[in-house]
Each structure stands twice: as structure tokens, then as C-alpha cells.
Amino acid sequence: MSKLKSWKELPCGAIINDLKAVLENKTGTWRSFRPIWNKEKCINCLTCWIYCPDAAIILVDGKHQGINYDYCKGCGICAEVCPKKVQAITMVKEEK
Ligand code: SF4
Ligand code: SF4
């Protein structure tokens, strides 16, 4: 295990510059709820993509293409911000 850094050694804003370490840390394993995306209902407004704190909404050519469960922590923000008249994302309990 690597030695933890003191706060004086951290970069300004505690920004993580090591992209490889970020990608290797599959934070989706922390999830206790899972967002389920309904492609048929989605109007591609991308509000969920803007708000997702883990950049876990998959975009291909500007279109919503699903959720990256390797990094989605199940916070439910995407389901909250999806327009109420659409409700294309529902949260379900994660099965381990
Ligand atoms: S549940 Fe949270 S982390 Fe997962 S896709 Fe939705 S907003 Fe992103
Ligand atoms: S917020 Fe809802 S309707 Fe908008 S892109 Fe996301 S899933 Fe689709």
C-alpha cells in the first residue's frame, strides 16, 4: 500500500492528476442503488450528463448511450434531474 500524502503535499484544490489511478479505482463497487436507464423514454436532454458527479453517463456522438457502472456510485442525482414528465431513469436496490 502506498504511503498517504500529507495535506501540504496535495495539489491545489486536491485535484487528482493521475488519470490512470482514477480509472483503476472502480468506484461503482461502492454502490447500493443502481440507476436503470430507459432508452425508449429518454429525450436526450443530457441534464443527467451535466449533473452526474462521476461522469458516468455514457455519451456517443452527443447521444446518451447508457450508464458506466464501473464508476457510477448510485447517488441518484441523474434520476432526480431527469425531467419529471420523462422519468427515463429509475433507481433500484443493487443486488450484490
Ligand atoms: S446514480 Fe449518480 S453516479 Fe450514477 S449515473 Fe446517476 S448521477 Fe451518475
Ligand atoms: S435527463 Fe433523462 S431524458 Fe435527459 S438525457 Fe438523461 S435520461 Fe435522458
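Higher on the page you've got the structure.
1. Describing a nonpolar patch on the surface
A contiguous nonpolar surface patch, about 390 Å² in accessible area, is contributed by Ile16, Leu19, Val22 and Leu23. Mapping Leu19 onto the fold places it in helix H1 (residues 19-24). Taking relative accessible area as the criterion, Leu19 reaches 56% and is therefore assigned exposed.

2. Overview of the layout of surface pockets
Reported here for the largest pocket is a volume of approximately 580 Å³. Lining the largest pocket we find 22 residues, and of these Ile16, Asp18, Ala21, Val22 and Asn25 sit closest to its centre.

3. Side note on the environment of Glu24
Relative to the elements of secondary structure, Glu24 occurs in helix H1. Taking C-alpha positions, Glu24 is 9.6 Å from Asp70, a pair spaced 46 residues apart along the chain.

Conventions and cut-offs
- Residues numbered from 1 in each chain as written.
- Chains lettered and ligands numbered in written order.
- Predicted model: local features only at pLDDT ≥ 70, side-chain atom pairs only at ≥ 80, totals over all residues.
- Heavy atoms only, no water.
- Patch = residues over 30% accessible without salt bridge, like charges linked within 9 Å, V, L, I, M, F, W, Y side chains within 5 Å.
- Areas by Shrake-Rupley, 256 points an atom, 1.4 Å probe, with all protein chains shown as cover.
- Salt bridge = Lys/Arg side-chain N within 4 Å of Asp/Glu carboxyl O.
- Helix = DSSP H or I, 4+ residues; strand = E, 2+ residues; numbered from the N terminus.
- Buried < 20%, exposed > 50% of the residue type's maximum accessible area, 1.4 Å probe, protein only.
- 1 Å grid on protein atoms, 1.4 Å probe; cavity = no way out; pocket = protein on both sides within 12 Å on 5 of 7 lines; lining within 4 Å.
- Points joined across faces, edges and corners; volume = space filled by probe spheres on them.

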